[in-house]
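Structural overview for review
Below are the chains, spelled out letter by letter.
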Amino acid sequence: MTGLIIQGLINGLILGAIYGLIGVGLNVIFGVLRVVNFAHGEFLVLGAYFAFYLMEYAGINPLVALPLAFAAFFLAGYLLYFVLIPRLSKADDPEISSLLLMFGVSIMLGAIMLLVFDADARSLPYEIEPVFLKFGPVLIPTVRLLALVIALAIIGALTAFLYRSQLGKALRAIIMNRDAVRIVGINAERLSAVAFGLGIGLAAASGVLVAMVFPAFSPFMGNDYTLIGFIVIVLGGLGHPVGALVGALLFGVTEQVSVVFFNPSIATICGFTLMVATIFIRPSGLFGRQALR
């Protein structure tokens, strides 16, 4: 039993790091723009397909495809911002309007993926030798350990960007007070486009890791990953990448350790119970606004 618990803890940490990366991208967009990006999961799945076809037709390693996916989707997100988001500021309730807009984008992207890629699930045939690493009674796929390192490295780089660079500090300033940023002469629109592109790029990078770690992906899986992203935001707190990581690790460990004692359905309930308890005890999340001031 001890070995199973340790296995569950390690699996929870690995999945939690990937969940954290999913939540960080969603957190950046919602924190800066107050846009409820319901299409986040669809962009993630598109990132998985991006890596799949690069490997299938060009023989490009997924580790190389990951930064390519981030760059390509960052550019797409940057341009998409000017098409979709500025018009929301004219609405009576921009947050509700953004929810409806991005929900429509989610449905549209799901339908396009179904039309282009068909309904069949795909998998990324990527392995590293040795396939498994054994630590006493614990057996861990090497790809999962690699995904854990990559996810932590990306979140660490994003944290350094937000807290050390001038551009990152400006993005954090928008999260705290958008009007004050405009008063001091910063181009808030361009910064917002960067934030939107950053969020979409992180979603695509998450999709590459998801394709490496999970057995299959399909056009129907976007909503599941969007839901995970919002859970991470609730647990960790708005606008805080470290909070997103900690919240995701708590969610992943709770879910995976619960699988050892209960069936998967009850384990999922345990994860959502943690989210509900966090809302009651600390509505702003573990690293909410107080951490940003």
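Described in the following lines is the structure provided in the data block. (Residues numbered from 1 in each chain as written. Predicted model: local features only at pLDDT ≥ 70, side-chain atom pairs only at ≥ 80, totals over all residues. Heavy atoms only, no water.)

**Re the overall build of the protein**
- In terms of helices and strands, the protein carries eleven helices and two strands.
- Overall, the protein shows an N-to-C arrangement of helices and strands of α-α-α-α-β-β-α-α-α-α-α-α-α.
- Taken along the three principal axes of its C-alpha coordinates, the protein extends 60 × 50 × 35 Å.
- For the protein, buried positions account for 50% of its 293 residues. (Helix = DSSP H or I, 4+ residues; strand = E, 2+ residues; numbered from the N terminus. Buried < 20%, exposed > 50% of the residue type's maximum accessible area, 1.4 Å probe, protein only.)

**Some details on the pairing of strand 1 (residues 132-135)**
- Note: strand 1 against strand 2 (residues 138-141), four bridges, orientation antiparallel. Residue pairing for strand 2: Leu133 is matched across the bridge by Ile140.
- Taking the residues that link successive antiparallel strands as the turn, the strand 1-strand 2 hairpin has two residues, and the phi of Gly136 there is positive, at about 65°. (Pairing = 2+ DSSP bridges.)

**Thoughts on the side chain of Thr142**
- Structurally, Thr142 is set in helix 5 (residues 142-164).
- On the accessibility criterion, Thr142 (12% relative accessible area) is buried.
- What Thr142 contacts, discounting residues up to four positions off in sequence, is Ile128, Pro130, Val131, Phe132 and Leu133. (Contact = heavy atoms within 4.5 Å.)

**Overview of the packing of aromatic side chains**
- Applying the stated criterion across every chain, the model contains 18 aromatic pairs.
- Feature note: the residues Tyr49, Phe52, Tyr53, Tyr57, Phe117 and Phe217 constitute an aromatic cluster, connected by ring pairs. (Phe/Tyr/Trp six-rings, centres within 6.5 Å; stacked < 30°, edge-to-face > 60°.)

**Concerning unusual backbone geometry**
- Here the bond from Glu129 into Pro130 is cis, since omega is -10°, no more than 30 degrees from zero.
- Note on placement: Pro130 falls in the loop between helix 4 (94-117) and strand 1.
- Even without being a glycine, Asp118 presents a positive backbone phi close to 70°.
- Note that Asp118 resides in the loop between helix 4 and strand 1.

**Observations regarding the nonpolar core**
- Core analysis: the largest hydrophobic core is formed by 82 residues, its most contacted members being Tyr19, Phe43, Phe196 and Leu209.
- If one sorts the elements of this core by residue count, helix 8 (residues 188-213) sits on top with 16 residues.
- Excluding anything up to four places from it in sequence, Leu209 contacts Leu21, Leu66, Ala147, Ile150 and Ala151. (Core = buried A, V, L, I, M, F, W, Y, C linked by side-chain atoms within 4.5 Å.)

**Topic: a nonpolar patch on the surface**
- Together, Met108, Ile112, Leu115 and Val116 make up a nonpolar patch on the protein surface, roughly 420 Å² of accessible area in all.
- Structurally, Val116 can be placed in helix 4. (Patch = residues over 30% accessible without salt bridge, like charges linked within 9 Å, V, L, I, M, F, W, Y side chains within 5 Å. Areas by Shrake-Rupley, 256 points an atom, 1.4 Å probe, with all protein chains shown as cover. Salt bridge = Lys/Arg side-chain N within 4 Å of Asp/Glu carboxyl O.)

**Looking at the packing of helix 1 (residues 2-33) against helix 9 (residues 222-236)**
- Contact geometry of helix 1 with helix 9 gives a least axis separation of 8 Å together with a crossing angle of 80°. One element, helix 1, and the other, helix 9, form an angle in the roughly perpendicular class. Of the residues in helix 9, those in contact with Tyr19, Ile22, Gly23, Leu26 and Asn27 of helix 1 are Tyr225, Thr226, Ile228, Gly229, Phe230, Val232 and Ile233.
- Looking at side-chain class alone, the contact of helix 1 with helix 9 contains eight nonpolar, four polar and no charged residues. (Axes fitted to C-alpha atoms, helices over the stretch in contact; angles between N-to-C directions. Parallel < 35°, antiparallel > 145°, perpendicular 65-115°, else oblique. Nonpolar A, V, L, I, M, F, W, Y, C, P; charged D, E, K, R; others polar.)

**Re the side chain of Thr278**
- Among the secondary structure elements, Thr278 is positioned in helix 11 (residues 264-281).
- According to the relative accessible area criterion, Thr278 is buried, its value standing at 11%.
- When neighbours within four sequence positions are excluded, Thr278 is seen to be in contact with Val234, Leu235 and Pro283.

**Quick notes on the environment of Ala17**
- Structurally, Ala17 is set in helix 1.
- Sequence separation between Ala17 and Leu245 is 228 residues; the distance between their C-alpha atoms is 6.4 Å.
- What Ala17 contacts, discounting residues up to four positions off in sequence, is Leu148, Ala151, Leu152, Ile155, Leu245 and Leu249.

**Things to note about the packing of helix 1 against helix 5**
- The N-to-C vectors of helix 1 and helix 5 enclose an angle of 35°; their axes lie 9 Å apart at closest approach. Along this stretch, helix 1 crosses helix 5, giving a crossing that reads as left-handed. On helix 5, the residues that touch Asn11, Leu13, Ile14, Leu15, Ala17, Ile18, Gly20, Leu21, Val24 and Val28 of helix 1 are Arg144, Leu145, Ala147, Leu148, Ala151, Leu152, Ile154, Ile155 and Leu158.
- Of the residues contributing to the contact of helix 1 with helix 5, the split by class is 16 nonpolar, two polar and one charged. (Left-handed = near helix turned anticlockwise from the far one by under 90°.)

**So, the environment of Pro219**
- Residue placement: Pro219 occurs in the loop between helix 8 and helix 9.
- Note on Pro219: relative accessible area 5%, which makes it buried.
- As a C-alpha pair, Pro219 and Ile112 span 107 residues in sequence and 8.8 Å in three-dimensional space.
- Those residues in contact with Pro219 that sit more than four places away from it in its chain are Val45, Tyr49, Gly110, Met113, Leu114 and Asp118.

**Re helix 8**
- Between its first and last C-alpha, helix 8 extends 37 Å over 26 residues, near the 38 Å set by a 1.5 Å rise per residue.
- The buried fraction of helix 8 is high, at 24 of 26 residues. (Expected span 1.5 Å × (residues − 1).)

These figures capture arrangement, not role.
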